[in-house]
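# Fold and contact review
One letter stands for each residue in the lines below.
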Amino acid sequence: MAKDAKKTTTGEMSFLDHLEELRWLLIRSTLAILICGVIAFIFSKFIFDNIIFAPASGDFLTYQFFCDLANKYDLDKSFCITELPFEIQSRRMDGQFSTDIWTSITAGFILAFPVILWEFWKFIRPALYDKERKYAMAFIFSASILFFLGVFFGYFLIVPLSINFLGNYRISEIVKNDIDLDSYLSLIKTTVISCGLIFELPILIYFLAKVGLVSAEFLRKYRKYAYVIMLIVAAVVTPPDVVSQVIVTVPLAILYELSIFIAVRIGKKSEITKAN
């Protein structure tokens, strides 16, 4: 069937055609994830030994950074450790094999994220103006950078802070921490991917502002609540000192303020368009 035959008499794609495009988007994205997952599986030993289990070691660079910071400014020294007080264990026969498979798929998703963004862009491109379609590469690049920044933020800050807090938390000296492998990996995967997606907030705000669902006034109105949530998260995962909490809070605050700036720009452009 010719490409033009897929369109209605008005030149627009039908609902079924949109579903077909969505189906191929999901198929191509899944293939990209699987291909990257296979690559990750090949290098799984390196990934586990040098990346995934690194935050469970006392010499991880984040702990060293906070320890140096604590010594320099006489702050809480809970990160000056040689080892964390728990062991990681697998209690299922297929535990390590299934963990290897699912971790490779997760790594595949992270590595294939720019490809997923490109597929998403191709799906929404027909609904955009010609001048907006010119920014395809800028969209892919900026969204990918934000996602990977979020992944690094989650891995180097939130993950070690959470592991240190939860690994040292005690309800009684009688109870020993022997952490299940699935529980440990779940914390890392959830944190890293969540932070990556949270860092997409400016991109999300851009599209929501374009369709009129979010405005700068709305974001300013709820800014104080957003900051309270950021501070609560920082207080939970960091030692009880202001410096550590600021280190975690500042990147999130910058993201929120950037989102407000984007919403303001979109609002001004909409007003100019309506005036013309």
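None of the values given here were measured: they were computed from a predicted structure.

## Description of the nonpolar core
If you look at soluble globular proteins, the nonpolar side chains tend to sit buried side by side. Membership of the largest hydrophobic core comes to 54 residues, with the highest contact counts inside it found for Ile52, Phe139, Phe153, Ile163, Val192 and Leu219. If you tally residues by element for this core, the top one is helix α7 (residues 136–168), at 14 residues. Discounting chain neighbours no more than four positions away, the residues touching isoleucine 163 are Pro55, Tyr63, Leu84, Phe86, Asn168, Tyr184 and Leu187. Within the second largest apolar cluster, 5 residues are counted, among which are Ala32, Ile33, Cys36 and Ala112.

## Here's the deal with empty space enclosed by the protein
Counted by the stated rule, this structure contains 1 cavity of 30 Å³ or more. As a volume, the largest cavity reaches approximately 40 Å³. What lines the largest cavity is simply Gln89, Ser90, Arg91, Arg92, Gly95, Asp180, Leu181 and Asp182. A class-by-class count of the residues in the lining of the largest cavity yields 1 nonpolar, 3 polar and 4 charged.

## Some details on the packing of aromatic side chains
Taken as a whole and judged by the stated rule, the model has 21 aromatic pairs. Linked through ring pairs, Phe60, Tyr63, Phe152, Tyr155 and Phe156 together constitute an aromatic cluster.

## Thoughts on the confidence of the model for the chain
Considering every residue of the chain, the mean pLDDT works out to 83; 86% of them sit at 70 or more. Taken together, the stretch residues 1–11 has pLDDT below 50 and engages in 9 contacts with residues farther than four places along the chain or on a different chain.

## Observations regarding the pattern of salt bridges
This structure, assessed with the given rule, holds 8 salt bridges. A salt bridge links arginine 28 to glutamate 119, with the shortest nitrogen-to-oxygen separation between them at 2.7 Å. Here arginine 28, found in helix α1 (residues 15–42), pairs with glutamate 119, found in helix α5 (residues 113–124); they are 91 residues apart in sequence, far enough to count as distant. For arginine 28, a relative accessible area of 31% gives the class partly exposed. A relative accessible area of 6% means that glutamate 119 is categorised as buried. For arginine 92, the salt bridge identified is with aspartate 94, shortest N-O distance 3.3 Å. Residue classification places aspartate 94 among the partly exposed positions, given a relative accessible area of 41%. A network of salt bridges, in which partner residues are shared, links Arg28, Glu119 and Lys122.

Quick notes on the rules
- Residues numbered from 1 in each chain as written.
- Predicted model: local features only at pLDDT ≥ 70, side-chain atom pairs only at ≥ 80, totals over all residues.
- Heavy atoms only, no water.
- Core = buried A, V, L, I, M, F, W, Y, C linked by side-chain atoms within 4.5 Å.
- Buried < 20%, exposed > 50% of the residue type's maximum accessible area, 1.4 Å probe, protein only.
- Helix = DSSP H or I, 4+ residues; strand = E, 2+ residues; numbered from the N terminus.
- Contact = heavy atoms within 4.5 Å.
- 1 Å grid on protein atoms, 1.4 Å probe; cavity = no way out; pocket = protein on both sides within 12 Å on 5 of 7 lines; lining within 4 Å.
- Points joined across faces, edges and corners; volume = space filled by probe spheres on them.
- Nonpolar A, V, L, I, M, F, W, Y, C, P; charged D, E, K, R; others polar.
- Phe/Tyr/Trp six-rings, centres within 6.5 Å; stacked < 30°, edge-to-face > 60°.
- pLDDT = per-residue confidence, 0-100.
- Salt bridge = Lys/Arg side-chain N within 4 Å of Asp/Glu carboxyl O.

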